[in-house]
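Close look at the chain arrangement
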Amino acid sequence: MKYAAISGFPEWLPEEKLIEQHILDKIRQKFELFGFSPIETRAIEPLDVLLSKGDDKEIYVLRRLHEEDPQAAAEFGLHFDVTVPFARYVQQFRSQLSFPFKRYQIQKVWRGERPQEGRYREFYQADIDVIDEGNLSLHYDAEFPLLLQEVLSSLPIPKVVVKINNRKVLEGFYRGLGIEDIGHTLRTMDKIDKIGKAEVSKQLEAAGLSTSQAESCLALGLIKGSDDTVLHQVEALGVRHELLAEGLSELGYVLQSLPEPT
């Protein structure tokens, strides 16, 4: 009998698996050196939990749990990332955790992706988070880029550039422009590297933004730099909002905490 591969679900030969294990061990080592503790969550979650963040097209629904009634509506699915399960985990085990809680999680996830180069339907996600009750210290924001640099520079891979932004900068800028649907604008701007400026502008205007608002969003999205000069570039766009100012202050703190780029 001849067996065919299932698209999007990789299988490794022993020498390939050894490489994967070496990489995962390096990542774990660095996470733990920075004080992060490992956790593991279950592979399945209730669909209402998964759908709080994801698209139903991403989710592999489980029917086996409804064997007693094949016609019953599905209630569970495989998790498509570890962020949603982690939020549920913290709520469930809150009384047993010490805050601030620094966790790392390296687990398989399953996602209804269309398989293409570099994308799989089954893969590992390596995730870190810090969660606290009340306000979280800004020094954690400065710590994360340092940790990522430590992790990535320890792996046998080409040089990687770590990009940093601040949600408050983006949201404050959009609010300063008078944009109401912040979520849609963020999602559309996130496509700029995939579909290009012209198509992003077209989609923004189709969603109700004026040409001027769309142009300002694109101007912000194209700002890049390796030091705090990016803050001055944002300010030069002339948009003012309290949340934007707060975000720029936080971003400046993080950038000033980083070593000089090499």
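Heads up: the structure comes first, above all this text.
Quick summary incoming for the structure in this document.

Cut-offs used in this document
- Residues numbered from 1 in each chain as written.
- Predicted model: local features only at pLDDT ≥ 70, side-chain atom pairs only at ≥ 80, totals over all residues.
- Heavy atoms only, no water.
- Buried < 20%, exposed > 50% of the residue type's maximum accessible area, 1.4 Å probe, protein only.
- Helix = DSSP H or I, 4+ residues; strand = E, 2+ residues; numbered from the N terminus.
- Arc of directions from axis to C-beta.
- Contact = heavy atoms within 4.5 Å.
- Polar contact = N/O pair within 3.5 Å; in protein donor to acceptor, adjacent residues only side chain to side chain.
- 1 Å grid on protein atoms, 1.4 Å probe; cavity = no way out; pocket = protein on both sides within 12 Å on 5 of 7 lines; lining within 4 Å.
- Points joined across faces, edges and corners; volume = space filled by probe spheres on them.
- Axes fitted to C-alpha atoms, helices over the stretch in contact; angles between N-to-C directions.
- Left-handed = near helix turned anticlockwise from the far one by under 90°.
- Nonpolar A, V, L, I, M, F, W, Y, C, P; charged D, E, K, R; others polar.
- Pairing = 2+ DSSP bridges.
- Phe/Tyr/Trp six-rings, centres within 6.5 Å; stacked < 30°, edge-to-face > 60°.
- Lys NZ or Arg CZ within 6 Å of the ring centre and 35° of its normal.

What follows is about helix α8 (residues 211-221). For an α-helix the count is 3.6 residues per turn, leaving residues at separations of three or four pointing the same way. Looking at α8, one finds that the buried residues are Q213, A214, C217, L218 and L220. Taken down its axis, α8 places every buried residue within 160° of arc, on the same side. The inward-facing, buried residues of α8 contact α5 (167-176), α6 (182-189), α7 (192-206) and α9 (229-235).

Let us now look at the environment of H241. Summarising the element assignment, H241 is placed in the loop between α9 and α10 (242-257). For the pair H241 and A214, spaced 27 residues apart in sequence, the C-alpha separation works out to 17 Å. Discounting chain neighbours no more than four positions away, the residues touching H241 are G172, R175 and G176. Within the local environment of H241, its side chain forms a polar contact with the backbone nitrogen of L243, the two atoms lying 3.0 Å apart.

Turning to the layout of surface pockets, a few remarks are in order. Empty space within the largest pocket amounts to approximately 1,800 Å³. What lines the largest pocket is a set of 46 residues, and nearest its centre among them are V162, K163, I164, N165 and G225. Every element with two or more residues in the lining of the largest pocket is listed here: α4 (139-153), α5, α6, α7, α8, α9 and α10. Of all the elements, α4 adds the most residues to the lining of the largest pocket, at 5 residues.

Taken N-terminus to C-terminus, the directions of α5 and α6 make an angle of 115°; their axes are 10 Å apart at the nearest point. Of the two elements, α5 crosses α6, and the hand of that crossing is right-handed. Residues R167, L170, E171, Y174 and R175 of α5 form the contact with α6, whose own contacting residues are I182, T185, L186 and M189. Residue composition of the contact of α5 with α6, by class: 5 nonpolar, 1 polar and 3 charged.

Moving on, we get to the sheet that holds strand β3 (residues 61-62). Pairing is antiparallel across the open sheet formed by 3 strands, whose spatial order is β2-β4-β3. A single partner strand is all that each edge strand has here, and the edge strands are β2 (44-46) and β3. Two strands pair when backbone bridges link them, and β2 and strand β4 (residues 76-78) are joined in this way by 3 bridges, in the antiparallel orientation. Bridge assignment links P46 to a residue of β4, and that residue is F76.

Once that is clear, we can look at the packing of aromatic side chains. Under the counting rule described, the total for this entry stands at 7 aromatic pairs. Look at F86 and F101: their rings are 6.2 Å apart centre to centre, the planes differ by 35°, and that puts the pair in the tilted class. One end of the pair, F86, is in helix α3 (residues 83-92); the other, F101, is in strand β5 (residues 101-110), with 15 residues separating them in the sequence. The pair formed by F86 and F101 is uniform in burial state, with each residue classed as buried. Taken together, the ring pairs connect F86, Y89, F93 and F101 into an aromatic cluster. Lying across the ring of F36, K102 places its NZ or CZ 4.6 Å from the centre.

Keep in mind these numbers describe shape, not what the thing actually does.
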